[in-house]
Amino acid sequence: MTSVSRRRLLTGTAAVVGATALTSQAGGTAAQAAASAAAGTTGNTETGATARALTVSPQDVRYSGLTSGQNQLFHSRPECVRLPRSTAQVVTAVQEAVSAGKRLSVRGGGHCYENFVDHPDVKVIIDMSGMRKIDYDPAHQAFVVEGGATLGETYFALFRQWGVTLPGGACYSVGVGGHVQGGGYGNLSRLHGLVVDYLYAVEVVVVDPDGRARAVVATREAGDPNRDLWWAHTGGGGGSFGVVTRYWFRSPTATGTDPSRLLPAPPTDVLVTWLQWPWAQLTEARFARLVRNYGVWNEQNSSPASPYKGLTARLEPGPKAGGSVLLSIQMDTAVPNARQLLLDFVAAVNDGVGITPVEYQELHQLPWFQATGWPGFWMSNPTDRYKYKSSYHRKGLTDDQIGGLYRVLTDSDYNHPAFVVSIAAHGGQVNAVAPTATAQVHRDSVLKLLWGTAWGNPSDDAKHFAYIRRAFSTVYASTGGVPVPNAVTDGCYINYADGDLADPAWNRSGVAWHDLYWKQNYPTLQRAKSRWDRRDVFRHAQSIRLPATV
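Here the structure is a predicted model, which means the values were calculated and not measured.

Right, let's get into the overall build of the chain. For the chain, the count of helices and strands is 14 helices and 17 strands. Burial analysis of the chain (550 residues in total) assigns 64% to the buried set. Across the chain, contacts joining residues at least 24 apart in sequence account for 77% of those joining residues at least 6 apart. For the chain, the accessible area works out to roughly 18500 Å², and carbon and sulfur atoms hold 51% of it.

Written out as structure tokens, the structure is:
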């Protein structure tokens, strides 16, 4: 396998992910949104048979295709899969599961990294793929996206119809539902922030303490009595509060009624390139210089005011078997002197390395709409088994961390090119938002790391799990094997869910898994959980826990 195929195999599935995948819609004011729901736009007027979702049982030819997501490590055997086409049908499906005492889960795009959806105890899967509507809602002056839509569908609709976008992830098949709930990060995030920074409202099917399922609309309006439910969906992760059926999106600074001005416009054109440093020429000193340069550059150029917030980059070291260390770059051409800024960035990263990088993909200009699918940043393989981890950095990797990374990548015992550490430039406009303004708390990091490996043969599971765990633990050995929040590192990303964080064999830091994901925001999320899901209907291995004194 070449380094190029390794790169394409991993980073696309990696760039974004929806934890358990639930989606929703939103509106202009809480009263307006509630009025819209009452008027029937959520399907709440349906009755009888029309209020019941299509049911797929184990005897149905569709069953095997609907009981697993992208990660082929996990397959489920639920009693049935429900495929709703309206909010009313979601309410009915949830009510029937709760009344029967059957555990349920929710699938959107199917990119969950763990078995949060496909768990052995789940008896009912609610598959949201029948709810994919994307439109502009003039009553609320916001864009509405239903829970089963994918990122690609959303980008295409928003751009083609209105010339706007959301700063979400680069893998088109990821479901909007779970992606948004975890915060939503992508190639335009340094320029425009996170997806949740544009979330106006959410419609969620919740279960009351008395066991009654119902749809609730929650907005970001300060006076909305349901605002805590909206806030919980701005980074709290999927699968903790209810089934998200619709989102509404609008910029918090938008005014007027022109849809083309209510969300950010993407770049008209971007510069893209893809460089490689061959492992055959990389000594330990050269590797350290390359990774250190990249970290220092991001420390110095990741403020919200930086002209470089229009640049997206991923440095991707992989094992020697992969052939090279890769660097993917995208730059907004609207930035003054954009080409020279990009060249200066490359020079800074390569300063003193002693190697001229190979230009695998020459620097050229593309329309942004075409570049969103550029394989330098995304690809997805639904036939793989995979394991991922994550880490945020407030500073570049330390010398000890770089040394540990070099040792594991040059370990000849693991000759598997489909392992990569994707080190994304972070910060920019993401860091212009206060850490408590949304549930997504990581608002002062400059690097976002995705650690991943993929394989096809089930007999190789133990080998690949052992390696990625050892690699991660080696780099973060000084902090108990995980990136604890401190001056250098800042925890983990819930959308890159990692069950190992809750295992003391791999997290020896004394910092709980939920504090790695949410830090000081976790108690607020617990209070929202106690209000909106006191029965703990919506749960998985890393869902928000009820507070001890409910």
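Moving on, there is more to tell.
This brings us to the packing of aromatic side chains. Overall, the coordinates contain 31 aromatic pairs when judged by the stated rule. When the centroid spacing of 5.4 Å and the interplanar angle of 20° are considered together, the rings of Trp279 and Phe287 count as stacked. There is no split in this pair, since Trp279 and Phe287 are both buried. Note on Trp279 and Tyr406: the rings are 6.1 Å apart at their centroids and 50° apart in plane angle, and the pair reads as tilted.

What the 7 strands build is an open sheet, ordered β14-β11-β13-β12-β16-β17-β15; its pairing is antiparallel. The sheet is open, and its two edges are formed by β14 (358-367) and β15 (385-393), each paired on a single side. Strand-to-strand twist across the sheet, computed as the mean angle between neighbouring axes with direction ignored, equals 15°. Taken together, the 9 bridges between β15 and strand β17 (residues 447-455) define a ladder with antiparallel strand orientation. Bridge pairing in β17 links Ser391 to Leu449. This element, helix α8 (residues 284-300), spans β11 (269-278), β12 (311-316), β13 (324-332), β16 (419-425) and β17 of the sheet and lies at about 155° to β12. Sitting on the sheet, helix α12 (residues 461-475) is in contact with β15, β16 and β17, with an inclination near 160° to β17.

This brings us to the sheet that holds strand β4 (residues 104-107). If you walk across this open sheet you meet the 4 strands as β2-β3-β5-β4, and the pairing is mixed. Edge positions in the open sheet fall to β2 (54-56) and β4, since each of these has one partner strand only. Shown here is a sheet whose adjacent strand axes are inclined to one another by a mean of 25°, direction ignored. As paired elements, β4 and strand β5 (residues 124-127) share 4 bridges and run parallel to each other. Looking at the pairing, Val106 lines up with Ile126 of β5.

Of all the 10 residues making up β11, 10 are buried; the element is thus mostly covered by neighbouring parts of the structure. Relative to β14, β11 is paired through 7 bridges, and the arrangement is antiparallel. Residue pairing in the sheet places Trp274 in a bridge with Gln361 of β14. Pairing analysis gives 9 bridges linking β11 to β13, with the strands arranged antiparallel. Residue pairing across strands places Gln276 opposite Leu326, the latter belonging to β13.

It is worth spelling out the environment of Val207 at this point. For Val207, the position within the fold is in strand β8 (residues 199-207). What makes Val207 buried here is its relative accessible area of 0%. Separated by 325 residues in sequence, Val207 and Trp532 have C-alpha atoms that sit 7.0 Å apart. For Val207, the contacting residues outside a window of four places in its chain are Val94, Val98, Arg212, Ala213, Trp532, Asp533, Arg535, Val537 and Phe538.

Its place among the elements puts Gln276 in strand β11. Overall, the relative accessible area of 10% leaves Gln276 in the buried class. For Gln276, the side chain forms a polar contact with the side chain of Ser324, separated by 2.8 Å.

Turning next to the pairing of β16. The buried fraction of β16 amounts to 7 of the 7 residues, a majority that puts the element mostly inside the structure. Along β16, one buried face is formed by Phe419, Val421, Ile423 and Ala425 and the opposite face, lined by Val420, Ser422 and Ala424, is buried too. With 2 bridges joining them, β12 and β16 adopt antiparallel strand pairing. Looking across to β16, one finds that Leu315 is bridged to Ile423.

A few words on the environment of Pro167. Topologically, Pro167 is positioned in the loop between α4 (151-162) and α5 (176-181). Given a relative accessible area of 1%, Pro167 falls into the buried group. Note: C-alpha distance between Pro167 and Leu188 (21 residues apart in sequence) is 4.8 Å. Residues within four places of Pro167 in sequence aside, it is in contact with Gly184, Tyr185, Gly186, Leu188, Ser189, His192, Gly193, Leu194, Val195 and Tyr198.

Below, the discussion takes up the packing of α8 against helix α9 (residues 338-350). One way to put it is that α8 packs onto α9 with a least axis distance of 7 Å and a crossing angle of 135°. Here α8 lies oblique to α9, going by the angle between them. On α9, the residues that touch Leu290, Asn293, Tyr294 and Trp297 of α8 are Phe345, Ala348, Val349 and Asn350.

Positionally, Val353 belongs in the loop between α9 and β14. Distance in space between the C-alpha atoms of Val353 and Arg286 is 5.0 Å, their sequence separation being 67 residues. When near neighbours in sequence (up to four residues on either side) are disregarded, Val353 contacts Trp277, Arg286, Arg289, Leu290 and Asn293.

Once that is clear, we can look at the pattern of salt bridges. Under the counting rule described, the total for this entry stands at 28 salt bridges. The residue Lys529 makes a salt bridge to Asp533 at a minimum N-O spacing of 2.7 Å. Looking at Lys529, the relative accessible area reads 0%, which means it is buried. Owing to a relative accessible area of 0%, Asp533 belongs among the buried residues under this scheme. Look at the salt bridges and you will find they share partners, linking Glu114, Lys387, Lys389, Arg469, Asp498 and Asp500 into a network.

Each value, and the rule that gives it
- Residues numbered from 1 in each chain as written.
- Predicted model: local features only at pLDDT ≥ 70, side-chain atom pairs only at ≥ 80, totals over all residues.
- Heavy atoms only, no water.
- Helix = DSSP H or I, 4+ residues; strand = E, 2+ residues; numbered from the N terminus.
- Buried < 20%, exposed > 50% of the residue type's maximum accessible area, 1.4 Å probe, protein only.
- Contact = heavy atoms within 4.5 Å.
- Areas by Shrake-Rupley, 256 points an atom, 1.4 Å probe, with all protein chains shown as cover.
- Phe/Tyr/Trp six-rings, centres within 6.5 Å; stacked < 30°, edge-to-face > 60°.
- Pairing = 2+ DSSP bridges.
- Axes fitted to C-alpha atoms, helices over the stretch in contact; angles between N-to-C directions.
- Polar contact = N/O pair within 3.5 Å; in protein donor to acceptor, adjacent residues only side chain to side chain.
- Parallel < 35°, antiparallel > 145°, perpendicular 65-115°, else oblique.
- Salt bridge = Lys/Arg side-chain N within 4 Å of Asp/Glu carboxyl O.

Treat this as a map of the structure, not an account of what it does.
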